[in-house]
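Residues per chain are reported as follows:
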Amino acid sequence: MDLSRLAIHTQTNKPWTLAQCVDAYSRAGIRGISVWRDVLDKAGASDAAKLLRGAGMSVPALVRGGFFPAADAKSRQAAIDDNLRCLDDAAVIGAEMVVLVVGAVPGMELGEAREQVTEGIARLLDHAGAVNVKLAIEPLHPMYAADRSCINRMAEARAVCEALQNPLVGIAVDVYHVWWDPDLEAEIALAGRQKTLFAFHVCDWRVNTRNLLTDRGLMGDGCIPIRKIRSWVEATGFKGFNEVEVFSEDYWSMDQHTYLTRITDAYLSHT
Ligand code: ZN
């Protein structure tokens, strides 16, 4: 039973506080936790850091920053300020990276939005270097293109990485968002060569999906070829965590300890 590369996003167990997540994951033999900002804000970054260190947890990511595009300069600056705070918090808790959901503005042309994303990330680079925290662009499924992410394919995330050419900027591959991409295998291999493959997130695509945000499946519940995609990721030499990230009203309504057992079972059988 190898759980050594399993990490769980706190949002997966949304009913739990950070302390409850850390306690339950530790007892289950899980050593990785990606922390969401809502639980971090409730716990306070320095107390959270003590909790995580005390339990010996590795923190692949603080989730999430981003949301760069906006109609006016003042709102774009507010996004930069928020991302700088996010980088500081990530450094305090020892997170390796901040995951970026890059944003989009309904009605703004997607190419323009991507330019604003590239500019926004560029403005974070000095600070990211100073605190030594990486920035991982997460392409989101095109159903989110209107208002959450103007970056929907690996190739668009790669274009930003290539424009910025900074070792702190890379890509978070989330199977939920990119499993359908005909270029996925080639793009993962290319990200491996370009050293921009920073993270690997797993869950499953339910058929039918009943809600665009909160009806993700646990691995094995849906149609994503997770093992195959993991094999492509590992063929690049990726040694990071397999991060379970499931938003599900169904699973949030379960007893979370019972659910955690389901998560580890699904991880071992279907990832
Ligand atoms: Zn993700």
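Structure's up top.
Right, let's walk through the structure included here. (Residues numbered from 1 in each chain as written. Predicted model: local features only at pLDDT ≥ 70, side-chain atom pairs only at ≥ 80, totals over all residues. Heavy atoms only, no water.)

### A closer look at the coordination of the zinc ion
Binding of the zinc ion to the protein goes through Glu138 (OE), Asp174 (OD), His201 (ND1) and Glu245 (OE), at separations of 1.9 to 2.3 Å. Note that the zinc ion binds four donor atoms; their angles at the metal cover 84 to 140°, and the shape is irregular. Read in sequence order, the donor residues coordinating the zinc ion give the pattern E-x35-D-x26-H-x43-E. Linking His201 in strand 7 (residues 197-202) with Glu245 in the loop between strand 8 (242-244) and helix 11 (249-252), this pair joins segments that are 44 residues apart in sequence. (Donors = N, O, S within 2.8 Å, 3.2 Å for Na, K, Ca; no water. Tetrahedral: all angles 85-135°; square planar, octahedral: opposite > 155°, others 65-115°. Helix = DSSP H or I, 4+ residues; strand = E, 2+ residues; numbered from the N terminus.)

### Thoughts on the side chain of Thr196
Locating Thr196 in the fold gives a position in the loop between helix 9 (184-194) and strand 7. Overall, the relative accessible area of 7% leaves Thr196 in the buried class. Excluding anything up to four places from it in sequence, Thr196 contacts Cys161, Val169, Gly170, Ile171 and Ala191. (Buried < 20%, exposed > 50% of the residue type's maximum accessible area, 1.4 Å probe, protein only. Contact = heavy atoms within 4.5 Å.)

### Focus: the sheet that holds strand 1 (residues 6-9)
On the basis of which strands lie adjacent, the closed barrel formed by eight strands has the order 1-2-3-4-5-6-7-8 and parallel pairing. Neighbour to neighbour, the strand axes of the sheet diverge by 30° on average, direction disregarded. By the bridge criterion, two bridges tie strand 2 (residues 32-36) to strand 3 (residues 61-66) in an arrangement that is parallel. When the bridges of strand 3 are listed, Trp36 appears paired with Val63. In the packing of helix 1 (residues 18-27) onto the sheet, the strands contacted are strand 1 and strand 2, and the crossing angle to strand 2 comes to about 170°. (Pairing = 2+ DSSP bridges. Axes fitted to C-alpha atoms, helices over the stretch in contact; angles between N-to-C directions.)

### Re the pairing of strand 6 (residues 169-174)
Counting buried residues along strand 6, six of its six residues qualify, which places the element largely inside the surrounding structure. Two elements, strand 5 (residues 134-137) and strand 6, share three bridges in a ladder whose sense is parallel. Bridged to Ala136 within strand 6 is Gly170. You can see the chain leave strand 5, run along helix 7 (residues 154-164) and come back into strand 6, and the turn it takes is right-handed. Strand direction decides the pairing type here: strand 6 and strand 7, joined by four bridges, are parallel. Residue Val173 lies in a different strand from strand 7, and its bridge partner there is Phe200. (Right-handed = clockwise from strand over helix to strand, strands pointing away.)

### Thoughts on a negative patch on the surface
The grouping of Glu109, Glu112, Glu115 and Glu119 at the surface amounts to a negative patch. Among the secondary structure elements, Glu112 is positioned in helix 5 (residues 110-122). (Patch = residues over 30% accessible without salt bridge, like charges linked within 9 Å, V, L, I, M, F, W, Y side chains within 5 Å. Areas by Shrake-Rupley, 256 points an atom, 1.4 Å probe, with all protein chains shown as cover. Salt bridge = Lys/Arg side-chain N within 4 Å of Asp/Glu carboxyl O. Lys, Arg positive; Asp, Glu negative; His and termini not counted. Charge placed at Lys NZ, Arg CZ, Asp CG, Glu CD.)

### Considering the pairing of strand 4 (residues 97-101)
The side chains of a regular strand alternate, residue by residue, between the two faces of the sheet. The element strand 4 is extensively covered by neighbouring structure, given that five of its five residues are classed as buried. By the bridge criterion, five bridges tie strand 3 to strand 4 in an arrangement that is parallel. In the sheet register, Leu62 faces strand 4, and the bridge partner there is Val98. Crossover handedness for the path strand 3 to helix 4 (residues 73-92) to strand 4: right-handed. As defined by bridge partners, strand 4 adjoins strand 5 across four bridges and the pair is classed as parallel. For Met97, the partnering residue across the bridge sits in strand 5 and is Lys134.

### Here's the deal with the packing of helix 5 against helix 7
At a minimum axis separation of 10 Å, helix 5 and helix 7 run at an interaxial angle of 45°. As far as their axial angle goes, helix 7 and helix 5 are oblique. Classified by chirality, the crossing of helix 7 by helix 5 is right-handed. Taking contact as the criterion, the partners of Arg114, Thr118, Ile121 and Ala122 in helix 5 are, on helix 7, Glu156, Val160, Ala163 and Leu164. (Parallel < 35°, antiparallel > 145°, perpendicular 65-115°, else oblique. Left-handed = near helix turned anticlockwise from the far one by under 90°.)

### Observations concerning the side chain of His177
Looking at where His177 falls in the secondary structure, it is placed in helix 8 (residues 175-178). Exposure remark for His177: the relative accessible area of 2% places this residue in the buried category. Of the polar contacts made by the side chain of His177, one reaches the side chain of Arg216; its length is 3.2 Å. In contact with His177, other than residues within four places in its own chain, are Glu138, Pro139, Leu140, His141, Tyr144, Asn152 and Arg216. (Polar contact = N/O pair within 3.5 Å; in protein donor to acceptor, adjacent residues only side chain to side chain.)

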